[in-house]
Amino acid sequence: MEHTVQKSFKKFLVVWFGQLISMIGIGLTAFSLGVYAFEKTNTATSVALITLFTFLPNILLRPIGGVLADRFDRRTMMIIGDLGSAAGLIFILSIMLTGDIQLWHIYVGVAFSSVFSALQSPAYKASATDLLDKDQFSKGSGLVQLAESSKFLFSPIIAGILLSITTIEVILVINILTFLVAILAVLVIRKSMKVEREDREGKNWITDIQEGWREVVTNKGVLLLVVIISLVTFYLGFLETLIGPMLLSFTDAKTLGTFQSVSAIGMLISSLCIGIFTITKRYASVLVMGLILCGLSFSLLGISTNIYFIIFAGFLFLSSLPFVNMSADVLVRNNIANDKQGRVWGIIGILSQLGFIIAYSLAGFLADHVFNPLLMEGGALASSVGQIIGTGPGRGIAFLFIIAGLFVILIAIITSRLKMIKSLEQSPDITAPSDVGGLAHD
């Protein structure tokens, strides 16, 4: 396979900017649909189901998206993915305009968008490697995290304000338009980039997926890293799904939006620091420190109902995530050949996100039927744990956050003792195209 992409940080920035705008739009819709579902049902389960249907197809189909990213032009796959994601929102919008929207309509629409997101995500991940030199990986990762942070920094507060002055239909239209911006950004750089892909006509998709699987499992360090991240995402899935119901139990949507946006300044600052000050070593140590701060702040979110304290904990939590994500991202990129990265990111996508899927499936049930009842007035833990963190609606979710955060800290401590994770920093540069199977090992 001949790889002819010209490395260009400027072209990466064009694609990144399009993704930044679309991320803001996605955040607007995610926040608004969550508030809409909670106000309709007053249960965490409805919010959790929207989150589950938003991510489940994406994760399950990501290996196929990874295969397509290696078989076809990655920019074309990004365009198709964004178009399909917009179509899912158009479906929800059209039903809403009829005035007869049901929750299952929303589930279907977000699931449809999620299917096409599975095409876009591995292609975008692999395209970053196409466009960046090795010493730019951490800087590029920082900017990617900055775009991700926009969902939490700008979207919630904008959505909270928009919901008070307009309708959710208008927010859906805005999100659809942001997808068009992302598509335009890809089109701008697509003509100037030509990539000759390996001729894979004689190989079926199953074979390609198996090759991606082998690339992951034959590098024990990468596989162990993926397992660790999957364990962490299991606990983070509870936070992502239940932070809204916890806060909405004693405040309103505008305050929730303000909390998410203000606390996301931490992610913004961390992402900017990573993007400006290039990190070139000690990724394993950065990963461990990031996980410790992540777990500590996670637990702090459940200690109090004081909104300022919760914002402080949210600031710490979101400031830790870019360092965790950047470290894991670079350690994988430095140990996987570029011509296999589409397939590998697809496999890693499903393995590392399994924790999210399990958490999304369990979160609503655990919140409504297990943890919240424990800390209601007269609940089993009301006279013990309740004396510390309070009792009433949402305090069971807070207790779940405390437990989850402590487990994340435990994972960080175990990770710091694993030599195979540290060994990933010493792997040779294999991001150039390779015609041989397997990965370089220490």
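Note: the structure precedes this text.
What this report covers is the structure whose coordinates are included nearby. Keep in mind that what you see is a predicted model, and the values were worked out from it rather than measured. (Residues numbered from 1 in each chain as written. Predicted model: local features only at pLDDT ≥ 70, side-chain atom pairs only at ≥ 80, totals over all residues. Heavy atoms only, no water.)

**Brief notes about the side chain of Ser327**
Turning to step 1, where the next piece is worked out: By the element assignment, Ser327 lies in helix 13 (residues 307-333).
Turning to step 2, where the next piece is worked out: Those residues within four positions of Ser327 in sequence are excluded, and the remaining contacts are Tyr283, Val286 and Leu287. (Helix = DSSP H or I, 4+ residues; strand = E, 2+ residues; numbered from the N terminus. Contact = heavy atoms within 4.5 Å.)

**As for the packing of aromatic side chains**
Turning to step 1, where the next piece is worked out: All chains considered together, the criterion is met by nine aromatic pairs.
Turning to step 2, where the next piece is worked out: Look at Phe53 and Tyr107: their rings are 5.1 Å apart centre to centre, the planes differ by 25°, and that puts the pair in the stacked class. Here the residue Phe53 occupies a position in helix 2 (residues 44-71), and Tyr107 occupies one in helix 4 (residues 103-131), the gap between them amounting to 54 residues.
Turning to step 3, where the next piece is worked out: A relative accessible area of 14% places Tyr107 in the buried class.
Turning to step 4, where the next piece is worked out: Their ring planes at 70° and their centres at 5.0 Å tell us that Phe234 and Tyr235 sit as a pair that is edge-to-face.
Turning to step 5, where the next piece is worked out: Judged by its relative accessible area of 21%, Phe234 is partly exposed.
Turning to step 6, where the next piece is worked out: Assessed through its relative accessible area of 15%, Tyr235 is described here as buried. (Phe/Tyr/Trp six-rings, centres within 6.5 Å; stacked < 30°, edge-to-face > 60°. Buried < 20%, exposed > 50% of the residue type's maximum accessible area, 1.4 Å probe, protein only.)

**Regarding helix 1 (residues 9-41)**
Turning to step 1, where the next piece is worked out: The first and last C-alpha atoms of helix 1 sit 47 Å apart over 33 residues, in line with the 48 Å expected at 1.5 Å per residue.
Turning to step 2, where the next piece is worked out: In the stretch just after helix 1, Asn42 is the one whose phi turns positive, near 60°. (Expected span 1.5 Å × (residues − 1).)

**Here's the deal with the packing of helix 9 (residues 220-248) against helix 10 (residues 253-263)**
The packing of two helices is summarised by the inter-axis angle and the distance between the axes.
Turning to step 1, where the next piece is worked out: Contact geometry of helix 9 with helix 10 gives a least axis separation of 9 Å together with a crossing angle of 130°. Classed by the angle they form, the pair helix 9 and helix 10 counts as oblique. In the packing of helix 9 onto helix 10, the handedness of the crossing is right-handed. The segment helix 9 lies against helix 10, with Ile243, Gly244, Leu247 and Leu248 engaging Ala253, Leu256, Phe259 and Gln260.
Turning to step 2, where the next piece is worked out: For the contact of helix 9 with helix 10, the per-class residue count stands at six nonpolar, two polar and no charged. (Axes fitted to C-alpha atoms, helices over the stretch in contact; angles between N-to-C directions. Parallel < 35°, antiparallel > 145°, perpendicular 65-115°, else oblique. Left-handed = near helix turned anticlockwise from the far one by under 90°. Nonpolar A, V, L, I, M, F, W, Y, C, P; charged D, E, K, R; others polar.)

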